[in-house]
Amino acid sequence: MGERKVTVAAEVGLHARPAATFVQRAKQAPMEIAVAKPNGEGPVNGKSILAIMALDVRQGETVVISAEGEGSEEVLDELAAIAAAP
Amino acid sequence: MNLRGVGVSPGVGHGPSYVLSVSVPEPPEGAAYAGEAEQEKERAMTALTRVAGELEARGNRAGGEAEEILKAQALMAEDPGVVVKVRSLIDRGVAAPRAVFEAFTKYRDVLAGSGGYLGERAADLNDIRDRVIAVLYGQAMPALPAKPEEPYVLVARDLAPADTALLSRAQVAAFVTEEGGPTSHTAILARAMGVPAVVACPGATGIPHGVRVMVDGTSGEVEVEPAEAHVADAVGAASARRAAISAARGPGRTADGQPVPLYANVGSPADLDAALAAEAEGVGLYRTEFLYLDRTRPPSPEEQRRAYRQALEAFPGGKVCVRTLDSGADKPLAFLPVPAEPNPALGERGLRLFRRFPEVMAAQLDALAAVAEEGLRVMAPMVATAEDAAWFVRACRDRGLPSAGVMIEIPAAALRARDLLAHADFVSVGTNDLSQYTFAADRQLGAVSALQDPWQPALLDLVAMTAEVAARVGKPCAVCGEAAADPVMACVLAGLGVGSLSMAPSSLAAVRAGLAAHSLDQCRTAAHAARAQPTAADARAAARAHLPALVRLGL
């Protein structure tokens, strides 16, 4: 199981455009994508924009993105970059 | 039939009503279906996919900000969480429309509970849910006539971005909604389109389809099937109002001839044409961020000089006030790396960033000095203390710049304007940031937007204090925030002793007319009355009561 721990840099947090971009990318991946907060909230389905929004990740907060299977490392790198983008 | 709501976009519009009914009835609790579960699921999935596709297609056609909003909504319509919930409800015997209703309601409640930004998204979910249920019931998806014979009055419970993204003035004569407020999608869109609008109008959706409706976006009155003579009167009055506003020409001044120069806020050289067309007397706020944003390297000296020269040439002999770079952690520049901050509004922005990157300030002031002529003013944003002011003004003086000022955006600067003016040649009040910092209310946050009201008496006090000190030391005090664009507030600012006003070019005509209709004494009385009130609403009402000609001008 691969994991990426990322600090969300966007001013709006993981909402609005960053959340939509994240989910659009996650939906293209064949495997399941999980997103959790280190405090134990989640994990939620990374392909569900409503679940991501309900997780309510604010700017400066950290999330753990995880996935497993073929190609998961590449997917995780891309998703981590989206979540970390300002 | 007459209805009344809140006017949020001025003017009179009339035409046949077009009642947009996105409000579909709630599918009854316990509703079951007749056929197979798999078929019912298939029906639900088809409806979800169709609505997602519609939203996405509208986004593609609309482009820009609307495209982003609609594409995010398309993702919500096909959300896997909703899909799973709908399927399991149908497995338990619930009919598709009810299953869709319950699945979206579950998420809406989660989001609504969070308040603020998430709470606003909850309303978006209601709209998506209703669209899906409408498809399941075989109701037509709301679609507006694209090329009507005559522009219609669009009536709705509330309007979603999906409804409004593609509208134009050729289609819509006015908006009326039963819900919504001054910051709703409808109000913002209507003002941007220049179309009259009334929101929060009870009974609006009871207006029959296709009847003639007249909407007064100033008073908030909505008249159904008005007498023809009445329409002619109202339209005549509206155009008389426009004529009265545009009759005020020339430099800004009060009725008794006190000059109050009216300048334009300009965000790039492309805005200069609009400023000239609106007869601005100069540029009161030339934002320079356009030179720096989306760049990997700082702008070249030649590029900077060209941009500053363009403004000076547009207003020969007039004043052009250039604000130095106002950037920070919320709008990071690739070549000015600053660490992420938990509160960018309170961090290293404006002049503070120049402390870290003095070479960027030097380059900007050098370019300004190279083109400087008498009318050029230069000012720094985010000045908090006398030391800040002294540091910036010294840098301007060293280069021989003719006039160096500071912005008053931080309460500390307003309280100590005297010490800042010991160094600076002038001050300019930025009311938006001054509100944000005075009320500890984030400008970006809808939940605290009520505190961003320039009529708040505390804000009026700070402006008054600054203007009084400036008058005492004989230096100019300007206002260049949104507040100056409101004709009522503009009179009050003049009454408080503010010497010049700067605003978006589109607001200049109404402000010019408002000032020209009142004497300086009336403005002072109105300002005094406003400051004597305990609340923003009372302050506004008190000011209006002392500015009688505003009603005649329809302002």
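Residues numbered from 1 in each chain as written. Chains lettered and ligands numbered in written order. Predicted model: local features only at pLDDT ≥ 70, side-chain atom pairs only at ≥ 80, totals over all residues. Heavy atoms only, no water.

(A) Structural context of the packing of aromatic side chains. All names here are of chain B. As enumerated under the stated definition, the model contains 3 aromatic pairs over all chains in all. Note on Tyr286 and Phe290: the rings are 6.1 Å apart at their centroids and 15° apart in plane angle, and the pair reads as stacked. Under the relative-accessibility criterion, Phe290 is labelled partly exposed at 27%. Lying across the ring of Tyr107, Lys106 places its NZ or CZ 4.9 Å from the centre. (Phe/Tyr/Trp six-rings, centres within 6.5 Å; stacked < 30°, edge-to-face > 60°. Buried < 20%, exposed > 50% of the residue type's maximum accessible area, 1.4 Å probe, protein only. Lys NZ or Arg CZ within 6 Å of the ring centre and 35° of its normal.)

(B) Representation of the pattern of salt bridges. All names here are of chain B. Counting across every chain of the model gives 36 salt bridges over all chains. A salt bridge links Asp326 to Arg323; its shortest N-O distance comes to 3.6 Å. A relative accessible area of 8% means that Arg323 is categorised as buried. For the salt bridge of Arg397 with Asp425, the shortest nitrogen-to-oxygen distance reads 3.0 Å. Here Arg397, found in helix H13 (residues 386–398), pairs with Asp425, found in the loop between helix H15 (417–421) and strand E14 (426–429); they are 28 residues apart in sequence, far enough to count as distant. Residue classification places Asp425 among the partly exposed positions, given a relative accessible area of 22%. One salt-bridge network, held together by shared partners, links Glu289, Arg323, Asp326, Arg349 and Asp433. (Salt bridge = Lys/Arg side-chain N within 4 Å of Asp/Glu carboxyl O. Helix = DSSP H or I, 4+ residues; strand = E, 2+ residues; numbered from the N terminus.)

(C) Examining the domain arrangement of chain B more closely. Taken domain by domain, chain B holds domain 1 (23–136), domain 2 (152–158 + 168–243) and domain 3 (258–552). A C-alpha centroid distance of 46 Å is found between domain 1 of chain B and domain 3 of chain B. (Domains from an automatic or database assignment.)

(D) Here's a closer look at the UniProt feature "active site" (unreviewed entry) in chain B. All names here are of chain B. The feature "active site" (unreviewed entry), as given by UniProt, occupies His185 and Cys480 in the numbering adopted here. Cys480 gets classed as buried once you look at its relative accessible area, which sits at 4%. Excluding anything up to four places from it in sequence, Cys480 contacts Asn265, Gly284, Leu285, Met379, Met407, Ser428, Val429, Gly430 and Ser502. (UniProt positions renumbered as here; feature names shortened; annotations may be inferred. Contact = heavy atoms within 4.5 Å.)

(E) Local environment of the environment of B:Leu75. One can find B:Leu75 in helix H2 (residues 64–77). Taking C-alpha positions, B:Leu75 is 38 Å from B:Gly11, a pair spaced 64 residues apart along the chain.

(F) Summary view of the sheet that holds strand E7 (residues 212–216) of chain B. All names here are of chain B. If you trace the 8 strands from one edge of the open sheet to the other, you get E1-E8-E7-E3-E4-E5-E6-E2, paired in mixed fashion. Each of the sheet's edge strands pairs with one partner strand only, and the pair in question is strand E1 (2–4) and strand E2 (6–9). The sheet shows a mean angle of 30° between the axes of neighbouring strands, direction not considered. The sheet contact formed by strand E3 (residues 12–20) and E7 spans 5 bridges and is antiparallel. Bridged to Val12 within E7 is Asp216. Where helix H8 (residues 228–247) meets the sheet, its contacts fall on E3, E7 and strand E8 (221–224), and the angle it forms with E3 comes to roughly 120°. (Pairing = 2+ DSSP bridges. Axes fitted to C-alpha atoms, helices over the stretch in contact; angles between N-to-C directions.)

(G) Seen up close, the environment of B:Ala424. All names here are of chain B. Among the structural elements, Ala424 can be located in the loop between H15 and E14. On the accessibility criterion, Ala424 (0% relative accessible area) is buried. In this structure the C-alpha to C-alpha distance between Ala424 and Gly405, which are 19 residues apart in sequence, comes to 4.8 Å. Excluding residues within four positions of it along the chain, Ala424 makes contact with Val393, Ala404, Gly405, Val406 and Lys475.

(H) Looking closely at the interface of chain A and chain B. The partner chain B presents 22 residues to the 18 residues of chain A that form the contact. Seen at the junction of chain A and chain B, the total is 0 salt bridges. Run the count over chain A and chain B and you get 3 residue pairs in polar contact (both at pLDDT 80 or more). Listing elements by their share of the side of chain A that touches chain B, those giving two or more residues are helix H1 (16–28) and helix H2 (49–55) of chain A. Sort the elements by how many residues they give to the side of chain A that touches chain B and H1(A) lands first, with 6 residues. Of the residues that constitute the side of chain A that touches chain B, the class distribution is 8 nonpolar, 5 polar and 5 charged. (Polar contact = N/O pair within 3.5 Å; in protein donor to acceptor, adjacent residues only side chain to side chain. Nonpolar A, V, L, I, M, F, W, Y, C, P; charged D, E, K, R; others polar.)

(I) Quick look at the pairing of strand E11 (residues 319–323) of chain B. Residues and elements named next belong to chain B. The buried fraction of E11 is high, at 4 of 5 residues. As judged from the 4 bridges shared by strand E10 (residues 282–287) and E11, these two strands associate in the parallel manner. Considered in E11, the bridge of Arg287 is made with Arg323. A crossover links E10 with its parallel partner E11, the connecting element being helix H10 (residues 301–314), and its sense is right-handed. Inspection of the sheet shows E11 paired to strand E12 (residues 376–380) by 4 bridges, in the parallel sense. Considered in E12, the bridge of Arg323 is made with Met379. (Right-handed = clockwise from strand over helix to strand, strands pointing away.)

(J) Structural context of H8(B). All names here are of chain B. Its 20 residues give H8 an end-to-end C-alpha distance of 28 Å, which sits within 8% of 28 Å, the value for a rise of 1.5 Å per residue. Among all positions in H8, only Val231, Ala234, Ala238, Arg241 and Ile245 are buried. An end-on view of H8 places all buried positions within 90° of arc, on one side of the element. Along H8, the residues that are exposed and aim more than 90 degrees away from the buried face are Glu228, Ala229, Asp233 and Ala247. Against the buried residues of H8 lie E3, E7, helix H19 (508–516) and helix H22 (549–552). (Expected span 1.5 Å × (residues − 1). Arc of directions from axis to C-beta.)

(K) Structural view of the sheet that holds strand E15 (residues 477–479) of chain B. Residues and elements named next belong to chain B. On the basis of which strands lie adjacent, the closed barrel formed by 8 strands has the order E9-E10-E11-E12-E13-E14-E15-E16 and parallel pairing. Between one strand axis and the next, the sheet turns by 25° as a mean value, whatever way the strands run. Both E12 and strand E13 (residues 404–408) contribute to a ladder of 3 bridges, which runs parallel. Paired with Ala380 across the strands is Val406, a residue of E13. Packing of helix H17 (residues 457–473) onto the sheet brings it into contact with E13, E14 and E15, and relative to E15 it is tilted by some 150°.

(L) Spatial organisation of the UniProt feature "binding site: phosphoenolpyruvate" (unreviewed entry) in chain B. Residue and element names in this part refer to chain B. Following the UniProt record, one finds the feature "binding site: phosphoenolpyruvate" (unreviewed entry) at Arg287, Arg323, Asn432, Asp433 and Arg443. Considering the arrangement of structural elements, one finds Arg323 in strand E11. If we ignore the near neighbours within four places in the chain, the residues touching Arg323 are Leu285, Tyr286, Arg287, Thr288, Glu289, Gln364, Met379, Pro381 and Met407. With respect to the helices and strands, Asn432 occurs in helix H16 (residues 431–438). When residues no more than four places from it in sequence are discounted, the contact partners of Asn432 are Arg443, Gln452, Gly481 and Glu482.

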